[in-house]
Amino acid sequence: MEVYLDNAATTRCSRRAIDLMEKVLLEDYGNPSSLHQMGMRAEQYIKEAKKKIAKTMKVEEKEIFFTSGGTESNNLAIIGTALANRRAGNHIITTAIEHASVAAPMEHLKELGFSVTYLKTDHNGMISRDELASAVCEETILASFIMINNEIGSVTPIAEAIEAIKEKNKNTLIHVDAIQAYGKYHIFPKRMGIDLLSASGHKIHAPKGIGFLYVKDKTKIKPLLYGGGQQRGLRSGTENVAGAAALGEAALECYENFDEKINHLYEIKEHFINGISKLDGAVVNGRSGREAAPHIVSVSLFGIRSEVMLHALEERGIYVSAGSACSSNKQSVSGTLRSIGLPQELLTSTIRFSFSADTTKEEIDYTLATVKQLLPFLRKFSRK
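This structure is a prediction, so every number in the text was calculated from the model and none was measured. (Residues numbered from 1 in each chain as written. Predicted model: local features only at pLDDT ≥ 70, side-chain atom pairs only at ≥ 80, totals over all residues. Heavy atoms only, no water.)

1. Some words on unusual backbone geometry
And step 1. The backbone of K218 sits at a positive phi, close to 75°, despite the residue not being glycine.
And step 2. Relative to the assigned elements, K218 resides in the loop between β8 (211-215) and α8 (241-254).
And step 3. With relative accessibility at 75%, the residue K218 sits in the exposed group.
And step 4. Not every positive phi belongs to a glycine, and N257 is a case in point at roughly 50°.
And step 5. Topologically, N257 is positioned in the loop between α8 and α9 (258-276).
And step 6. N257 sits in the exposed class, given a relative accessible area of 57%. (Helix = DSSP H or I, 4+ residues; strand = E, 2+ residues; numbered from the N terminus. Buried < 20%, exposed > 50% of the residue type's maximum accessible area, 1.4 Å probe, protein only.)

Take a look at the structure:
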């Protein structure tokens, strides 16, 4: 039996997205900047994809910009906005549990002379409104928050955070890393007060190598790439037409029968947590239930290194992550796990299980039975 429980790392591309992508690649493969009919047809796919995505968030089509994925979207939002607004101030606020594609740009901006405040979190991965409010000042030009943490599934109360910021400085721009949240929550940037929002295709059953950045109209932002001036000059480079078309289709698809899909995810998650919590030495990190993301569960297993359990499960056809897949090849300990105060002995013993709407109860039962079977053997092996 093969069980894929690493959907926070990437998802299987949907058939609808694949079919549309194939049509573009084989039939309508013109360059959207070309003036002939083939180019015009390609350009129409870009327009249609922006229309589909904009519809899911109730924003304007011109506010959607295609990128190569979540990392580029986050970099463009953070660095581009900081550089464009430097005359207004040099202070930025973020959290201690951001994805590397936010944390690294912050370090880069610090090298350029910007000041960055990193908000701490409690053991559930939640920031303090009071600490956030006290961090805001006249120099604060940008605040960047991860909506769903990619390792433990904690959900940042975006509306509450924005309210706290705007009470102190109404001019502060808000960026939301919604890479794990888009498709799992209804997100309406204009209603919520979000100025920039990042999303990635391969987290919502679109292909890898495509994402988008929502930029509220008239937001001051500088491009990171210069060249042909595509996408209103903000993101030069020939557009990935096939990828954009597939992303637009996947965006529509993930919001169809939305409540049914999300309820299924929470049911699967609850079933998994109920089962894993009964196992000796297993600790679920962060909040559970509907206070947390519907598709991510972080579990620490006393006495077993993450990679040992990961490969033992892999041998039995179960695929999971040791924390974030984006940084799982690195030896450093997760900043998120440190931030939530995980005991030292559990920092390298944590596994992430992440589900999709296609995950079944039978797959969860098989996984739970396999983990239960492996625990005593691996602990015995680890002691030798």
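2. Digging into the sheet that holds β8
Backbone-to-backbone hydrogen bonds pair the strands of a sheet. The strands run either parallel or antiparallel.
And step 1. Spatially, the seven strands line up as an open sheet ordered β2-β8-β7-β6-β5-β3-β4, and their pairing is mixed. The sheet terminates laterally at β2 (64-67) and β4 (115-119), the two strands that pair on one side only. Ignoring which end each strand starts from, the neighbouring axes of this sheet average 20° apart.
And step 2. Of the pairings in the sheet, the one linking strand β6 (residues 173-177) to strand β7 (residues 196-200) comprises three bridges and is parallel in character. Paired with H175 across the two strands is L196, which belongs to β7. (Pairing = 2+ DSSP bridges. Axes fitted to C-alpha atoms, helices over the stretch in contact; angles between N-to-C directions.)

3. Quick notes on the layout of surface pockets
By rolling a water-sized probe across the atoms, one finds the places where empty space is left.
And step 1. Space inside the second largest pocket adds up to approximately 350 Å³.
And step 2. Residue lining of the second largest pocket: 22 residues in total, with I204, H205, C254, K261 and A357 positioned closest to the centre.
And step 3. Of all the secondary-structure elements, those providing two or more residues to the lining of the second largest pocket are α8 and α9.
And step 4. Partitioning the lining of the second largest pocket into residue classes produces nine nonpolar, seven polar and six charged. (1 Å grid on protein atoms, 1.4 Å probe; cavity = no way out; pocket = protein on both sides within 12 Å on 5 of 7 lines; lining within 4 Å. Points joined across faces, edges and corners; volume = space filled by probe spheres on them. Nonpolar A, V, L, I, M, F, W, Y, C, P; charged D, E, K, R; others polar.)

4. Focus: the packing of aromatic side chains
Centre-to-centre distance and the angle between the planes together describe a pair of aromatic rings.
And step 1. One pass over the structure, following the stated rule, counts five aromatic pairs.
And step 2. Plain terms: the ring middles of Y182 and Y255 are 5.5 Å apart, the flat faces sit at 70° to each other, and that makes the pair edge-to-face. Here Y182, found in the loop between β6 and α7 (189-192), pairs with Y255, found in the loop between α8 and α9; they are 73 residues apart in sequence, far enough to count as distant.
And step 3. Residue Y182 is classed as buried on the basis of its relative accessible area, which comes to 1%.
And step 4. Looking at Y255, the relative accessible area reads 14%, which means it is buried.
And step 5. An angle of 50° between the planes, with centres 4.7 Å apart, marks the rings of F272 and F353 as tilted. Separated by 81 residues along the polypeptide, F272 in helix α9 and F353 in strand β12 (residues 350-354) bring together distant segments of the chain. Here F272 and F353 have matching classes, each one buried. (Phe/Tyr/Trp six-rings, centres within 6.5 Å; stacked < 30°, edge-to-face > 60°.)

5. Some remarks on the nonpolar core
Across soluble globular proteins, nonpolar side chains show a tendency to be buried alongside one another.
And step 1. By size, the foremost hydrophobic cluster in this structure holds 86 residues, and its most contacted members are F212 and M309.
And step 2. Apart from residues no more than four positions distant in its own chain, M309 is found in contact with L301, I304, I351, V371, L374, L375 and L378.
And step 3. Of all hydrophobic cores here, the second largest spans 12 residues; its members include V102, M106, F114 and L142. (Core = buried A, V, L, I, M, F, W, Y, C linked by side-chain atoms within 4.5 Å. Contact = heavy atoms within 4.5 Å.)

6. A few points about the pairing of β7
And step 1. Of all the five residues making up β7, five are buried; the element is thus mostly covered by neighbouring parts of the structure.
And step 2. Going residue by residue along β7, you find L196, S198 and S200 tucked away on one face and L197 and A199 tucked away on the opposite face as well.

7. Remarks on the packing of helix α1 (residues 15-26) against α8
And step 1. Axis separation between α1 and α8 bottoms out at 8 Å; the angle between their running directions is 155°. Classified by the angle their axes make, α1 and α8 are roughly antiparallel. Here α1 and α8 pass one another in a crossing that is right-handed. Mapping the contact onto sequence places R16, A17, L20, M21, V24 and L25 in α1 and V241, A242, G243, A245, A246, E249 and E253 in α8. (Parallel < 35°, antiparallel > 145°, perpendicular 65-115°, else oblique. Left-handed = near helix turned anticlockwise from the far one by under 90°.)

8. Examining the environment of A103
And step 1. Mapped onto the elements of the fold, A103 is located in helix α4 (residues 100-111).
And step 2. Classification of A103 as partly exposed rests on a relative accessible area of 29%.
And step 3. Sequence spacing of A103 and K216 is 113 residues, and the spatial spacing of their C-alpha atoms is 23 Å.

9. A closer look at the state of the cysteines
And step 1. This model, assessed by the stated rule, comprises zero disulfides.
And step 2. Summary of cysteine pairing: C13 is not part of a disulfide, and the nearest cysteine sulfur, belonging to C254, is at 12 Å. (Disulfide = S-S within 2.5 Å.)

10. A closer look at helix α2 (residues 37-57)
And step 1. Between the first and last C-alpha of α2 there are 31 Å, a value that for 21 residues agrees with the 30 Å anticipated at 1.5 Å per step.
And step 2. Residues of α2 that are buried make contact with α1, β2, α7, β7, β8 and α8.
And step 3. Just downstream of α2, K58 is the residue with a positive phi angle, here 55°. (Expected span 1.5 Å × (residues − 1).)

Any functional reading would require information beyond the geometric quantities listed.
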